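The lines below spell out each chain.
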Amino acid sequence: MLESFESSGLGWFWATDASGKLTYLSDSAFEQLSWDKDSVLGAPIVDLFLPDEAQGAQGKLAVQRPLTFVIGSHNAITNLTVRLADTPGEAVWWEIAGQPKFDGRGKFVGYRGSARDATESRAQSQEALRLAQFDPVTGLCNRVRMHDRLTEALAGFRNAKRSCSVILLGLDRFRQVNETLGRAAGDELLRQVAARLKSIAGYAAEIARQGDNEFMLMLPDIDDRGELGETAERILQLVTQPYSAHGTRAIIGASIGIATAPYDGVDAGELIKAADLAQSVARSSIAHYRFYSSELRDDARRRQVIEEELHDAIARKQLVMHYQPIVDATTHRVKCFEALMRWPHPDRGDISPGLFIPIAEETGLIVELGNWALEQVCMQALEWPGDIRVAVNVSAIQFMDEGFVDLVDHALRKSGIQPSRIELEITESVFMADQVKTQEIFGKLKSLGVRLALDDFGTGYSSLSYLRHAPFDKIKIDQSFVRGSSTRDKHNAAIISSVVSLASALGMETVAEGVETKEELELVTGHGASHLQGRLFSLAVSQEDLLAKFESGDLTFEPKGPSRSRADRRTEYRRVGLVHGDHRYSVVLRNLSKSGALVDGLLEVPVGTDVVLDLGGGQLAVATVRRSNDSRQGLEFETELISDGADGLCTRHRVSPYLIEAAGRPLASLPDDPYAALQSSGVPDLVQFAPKAFTEVDIKHRRVNAA
Ligand code: C2E
Ligand code: CA
Ligand code: CA
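Along every chain, residues carry numbers that run from 1 in the direction the sequence is written. The order in which chains are written sets their letters, starting at A; the order in which ligands are written sets their numbers, starting at 1. Given that the model is predicted, a residue must reach a pLDDT of at least 70 before its local features are reported, and side-chain atom pairs must reach 80 or more before they are shown or counted; all residues, however, enter totals for whole chains, interfaces and linings. As a rule here, side-chain values cover all heavy atoms of the structure and leave hydrogens and water aside.

Draft legend 1. Quick peek at the site of ligand 1. The near set for a molecule or strand comprises every residue that places at least one heavy atom within 4 Å of it. In the vicinity of ligand 1 there are 25 residues, among which Gln324, Arg342, Gln479, Glu516 and Arg535 approach most closely. Under the rule applied, a polar contact is a pair of N or O atoms within 3.5 Å (in protein, one hydrogen donor and one hydrogen acceptor; residues adjacent in sequence only if both atoms are side-chain atoms). Taking Asp456, its side chain carries an N or O atom lying 3.2 Å from an oxygen atom of ligand 1. Residue exposure ignores everything except the shown protein chains as possible cover, and the areas themselves are Shrake-Rupley values with a 1.4 Å probe. Contact with the protein chains hides 91% of the accessible area of ligand 1, taken as 800 Å² for the molecule alone. Counting from the N terminus, the helices are the DSSP runs of H or I reaching at least four residues and the strands are the DSSP runs of E reaching at least two. Mapped by element, the contributors of at least two residues to the shell around ligand 1 are strand S14 (320-328), strand S15 (334-345), helix H11 (353-363), strand S19 (451-457) and strand S23 (569-580).

Draft legend 2. Here's a closer look at the sheet that holds strand S1 (residues 12-16). Only strands joined by at least two bridges in the DSSP assignment are considered to pair. If you walk across this open sheet you meet the 5 strands as S2-S1-S5-S4-S3, and the pairing is antiparallel. The open sheet has two edge strands, strand S2 (22-25) and strand S3 (77-83), and neither has a second partner. Averaged over all adjacent pairs, the angle separating strand axes in this sheet is 25°, with direction ignored. As defined by bridge partners, strand S4 (residues 93-102) adjoins strand S5 (residues 108-117) across 9 bridges and the pair is classed as antiparallel. Across the sheet, the residue bridging to Gln99 is Arg112, located in S5. Axis angles are defined between N-to-C directions and span 0 to 180 degrees, where every axis is a line fitted to C-alpha atoms and, for a helix, only to the segment in contact.

Draft legend 3. Fine view of the coordination of the calcium ion (ligand 3). Protein coordination at the calcium ion (ligand 3) comes from Asp455 (OD), Asp456 (OD), Glu513 (OE) and Glu513 (OE), with a distance range of 2.2 to 2.6 Å. Each residue gets one of three labels from its accessible area relative to the maximum for its type: buried under 20%, exposed over 50%, partly exposed in between, using a 1.4 Å probe on protein chains only. For Asp455, a relative accessible area of 6% gives the class buried. With a relative accessible area of 5%, Glu513 lands in the buried category. Note that water is not among the atoms used; donors are N, O and S atoms within 2.8 Å of the metal (3.2 Å for Na, K and Ca), so sites may look incomplete.

Draft legend 4. Fine view of the packing of aromatic side chains. Each pair of aromatic rings taken from Phe, Tyr and Trp, with Trp reduced to its six-membered ring, is defined by centres within 6.5 Å and is described as stacked if the planes are under 30 degrees apart, edge-to-face if over 60, and tilted in the remaining cases. In this structure the tally under the stated criterion is 16 aromatic pairs. Seen in terms of ring centroids, Phe399 and Phe404 are 5.9 Å apart; in terms of plane orientation they differ by 50°. Their pairing is tilted. Taken individually, Phe399 and Phe404 each receive the classification buried, so the pair is uniform in this respect. Taken together, the aromatic side chains of Tyr323, Phe337, Trp384, Phe550 and Phe557 make up a single cluster linked through ring pairs. In our convention, an over-ring charge means Lys NZ or Arg CZ found within 6 Å of a ring centre and within 35 degrees of that ring's normal. Above the ring of Tyr243, the side-chain terminus of Arg196 is found at 3.7 Å from the ring centroid. Lying across the ring of Phe557, Lys549 places its NZ or CZ 4.4 Å from the centre.

Draft legend 5. Structural view of the pairing of strand S27 (residues 619-629). Bridge analysis of S27 against strand S28 (residues 632-637) gives 6 bridges, and the strand direction is antiparallel. The residue bridging Ala623 from the neighbouring strand is Phe637, located in S28. Linking two consecutive strands that pair antiparallel, namely S27 and S28, is a turn of 2 residues; a positive phi of about 50° is found at Asp630 within it.

Draft legend 6. Broad picture of the nonpolar core. Buried Ala, Val, Leu, Ile, Met, Phe, Trp, Tyr and Cys residues form a nonpolar core when they are joined through side-chain atoms within 4.5 Å. Counting 82 residues, the largest nonpolar core has Phe356, Leu369, Phe399, Leu424 and Leu445 as its most contacted members. Looking at this core element by element, the count peaks at 8 residues for helix H12 (residues 366-381). If we skip the residues at most four places from it in the chain, Leu369 touches Leu310, Ile314, Leu319, Met341, Phe356, Ile357 and Ala360. Grouped together as the second largest cluster of nonpolar side chains are 32 residues, Ile222, Leu236, Tyr243 and Ile256 included. Contact definition: two residues touch when any of their heavy atoms are within 4.5 Å.

Draft legend 7. Layout of the coordination of the calcium ion (ligand 2). Binding of the calcium ion (ligand 2) to the protein goes through Glu338 (OE), Asn393 (OD1), Glu425 (OE) and Asp455 (OD), at separations of 2.1 to 2.3 Å. Motif for the calcium ion (ligand 2), donor spacing along one chain: E-x54-N-x31-E-x29-D. Distance-wise, the calcium ion (ligand 3) is placed 3.7 Å from the calcium ion (ligand 2), both being coordinated by Asp455. With a gap of 55 residues between them, Glu338 in strand S15 and Asn393 in strand S17 (residues 389-394) connect regions that are remote in the sequence. Among the residues examined, Glu338 registers a relative accessible area of 5% and is labelled buried.

Draft legend 8. Looking closely at the side chain of Ser28. Assignment of secondary structure puts Ser28 in the loop between S2 and helix H2 (37-40). Judged by relative accessible area, which is 15%, Ser28 ranks as buried. For Ser28, the side chain forms a polar contact with the side chain of Trp12, separated by 3.1 Å. Apart from the residues lying within four places of it in its own chain, the contact partners of Ser28 are Glu6, Gly9 and Trp12.

Draft legend 9. Local environment of unusual backbone geometry. Geometrically, the link from Ala261 to Pro262 is a cis peptide bond, its omega value of 5° lying close to zero. Along the chain, Pro262 falls in the loop between strand S12 (253-261) and helix H9 (268-284). The backbone of Asn79 shows a phi angle near 35°, a positive value even though the residue is not glycine. Tracing the chain through its elements places Asn79 in strand S3.

Draft legend 10. Geometry of the environment of Ala115. Tracing the backbone shows Ala115 in strand S5. Ala115 sits in the buried class, given a relative accessible area of 4%. Each C-alpha atom of the pair Ala115 and Ala29 lies 8.9 Å from the other, and the pair is 86 residues apart in sequence. Setting aside its immediate chain neighbours within four residues, Ala115 contacts Gly11, Trp12, Trp14, Trp94, Glu95 and Ile96.

Draft legend 11. Geometry of the packing of H9 against helix H10 (residues 294-315). Look at H9 against H10: their axes get within 10 Å of each other, and the N-to-C directions meet at 70°. Here H9 is positioned roughly perpendicular relative to H10, judged by the angle of their axes. Of the residues in H10, those in contact with Leu277, Ala278 and Val281 of H9 are Leu296, Arg297 and Ala300. Classifying every residue of the contact of H9 with H10 gives 5 nonpolar, no polar and 1 charged. Just so you know how the angles are binned, under 35 degrees is roughly parallel, over 145 roughly antiparallel, 65 to 115 roughly perpendicular, and the rest oblique. Each residue is assigned to one class: nonpolar for Ala, Val, Leu, Ile, Met, Phe, Trp, Tyr, Cys and Pro, charged for Asp, Glu, Lys and Arg, and polar for all the others, Gly among them.

Draft legend 12. Highlighting the packing of helix H7 (residues 183-201) against helix H8 (residues 225-239). At a closest axis distance of 10 Å, the pairing of H7 and H8 adopts a crossing angle of 150°. With respect to H8, the element H7 is oriented roughly antiparallel. Crossing handedness for the pair H7 and H8: right-handed. Residue-level inspection shows Arg196, Leu197, Ser199 and Ile200 of H7 in contact with H8, the latter providing Arg234, Ile235, Leu238 and Val239. By residue class, the composition of the contact of H7 with H8 is 5 nonpolar, 1 polar and 2 charged. Helix crossings are classified by the rotation of the near helix relative to the far one: an anticlockwise turn of less than a right angle makes the crossing left-handed, while a clockwise turn makes it right-handed.

Draft legend 13. The arrangement of H11 in detail. Burial in H11 covers these residues: Leu355, Phe356, Ile357, Ile359 and Ala360. In this structure, the buried side of H11 is in contact with H10, S15, strand S16 (349-351) and H12. Looking one or two residues beyond H11, the residue adopting positive phi is Gly364, at roughly 85°.

That is the geometry; function is a separate question.
Set out below in structure tokens:
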């Protein structure tokens, strides 16, 4: 039986002596060898095969202990795949097995074993391995292989204290390309993305197709944020260039998240997760790339808590609508109430809509929330006397949602309210969406009979030309133009008067939002605003309070408040920047004094955190968080602000201490005159970069990245 097995060529037998020299090999095996029988017998068995280190990269599945090692230690050989040395032509692989033999006294006397040709089966398993590790569309490695490569690299780097970064690139609008141009064009586009990535990354980086519309680059030994940022920018620039796929042009957007080991994660899973979070933040903000940081993670966690609780808040009926009067500018009689959502949280106190509305928008919860608000408002407005209107805020996401028009229709019918009493406040961001669709929704809403108001006018993307085509009944001039219009900025007054004349030319009403002082009142009425809203008349009040007021038959709200804003403490409602670490957050400035400010919009920032408040126009104030209450933080400035002579507080100088440092003069604190200090440092040109560099301030390291 053994003889017929040997001669069949299905397999061979071999034996060695104690020193590892071959003493036997089946005759049929010699057909594959280029040596004759005499030179093989008596030679070390390991000489038949390529040396261990030359066996070649065999992929992860084939990782095995080297033959010399196994034989040297007299261990059993189990299905070892080895490549024959000196074979003419194609590589020939054998799979060998063998058992060590010992004599009666336990002394090793050699091996007895078998072997078979494994060339073909190896080729098949290699192909399977390749398929399991590579993306068939782009030929790049896939997420499985990337995970393995990253795991290997990180394990190797850990002791050597080497760093390794990953860049996660997500393509926006790729799904649309797939849907509109077809799958073949989508695949073609992916191949072109892959080619562009290769051209940037070169050989140093491993590139993978990480998901449907995601790519990942692994960059060993790179942790410099300047370098990583530049790479990210180059990638974004190249990837967002137009593509030509199957005869059509396609443009896609992209966003990038960056994470670096060991700082942001020590294993592959952690690092990829970190990059993923940074990428999702980059996608939803204007920045198109983002570095991971623990703040991002904490922020994401807190937002998640709010998100979860917001779900319950709807079900538990924790939300209520309050109403702020919008009065006629001459009679001060209320014409309309703006419905503003309130969330009195049982444990956390009042949560500002400035905080939870953006979260609801991101998660899509806004549709449910907005629908609830609409129904609630329609019912409650029915309890008011006469034909007072009610304005409901509608988020752009809710506005573009498929069922929106039907929901409005439903709320109108269910309550039976007169449609002309309902006003929908929409912001300019809806103009960013598909114009045709927007016009269509406008048309449907108008035919339901509701009124439309353009909210926060002047803060967004509007071009005046939009106004001509959009059927608005009312324009609301954003509070940032109204506030301080009498003192701080002459441009504001000019903007108000031109918006008013434009609106009246188009037959629209105007509302000046956020009127707080008598002086502002005079100014906005002087410029012809037809309606007014703001603290001077009343902030939002509950339905009960409203009904109580109506009870007395009083429908006017008389201005009550300071004639001009107090210099020591101004009530503000405007968006400013808060810089911490590498991030610039958008927060609402609630009030501002010489020594500090109250901001709203970030959750649970720890007391003691150092931040920089970016008041706009190049004005920065270094500050420390002194009080922190849910989404509101009391900040104390490092240096007192000064009065600009007209009560509009400003920072002492419009130059950042960091720039001085960038100019080569590290400073522990702000000098009396940083501007002069900067100029005498011999690099006055830096001043010109100031506005851009301000947003790049890195507080922790006190350095300016961009500069
Ligand atoms: P908005 O639509 O611009 O609403 C006006 C905001 O300014 C309200 O803040 C209001 O309380 C505040 N305000 C009005 N007059 C004055 C004033 O004289 N001084 C000051 N300092 N503030 C004034 P609130 O209620 O915190 O709402 C913030 C934002 O949240 C709103 O800005 C709106 O965008 C959003 N929001 C509120 N309720 C809803 C809602 O039901 N649905 C949607 N989609 N968004 C809502
Ligand atoms: Ca509004
Ligand atoms: Ca507004």
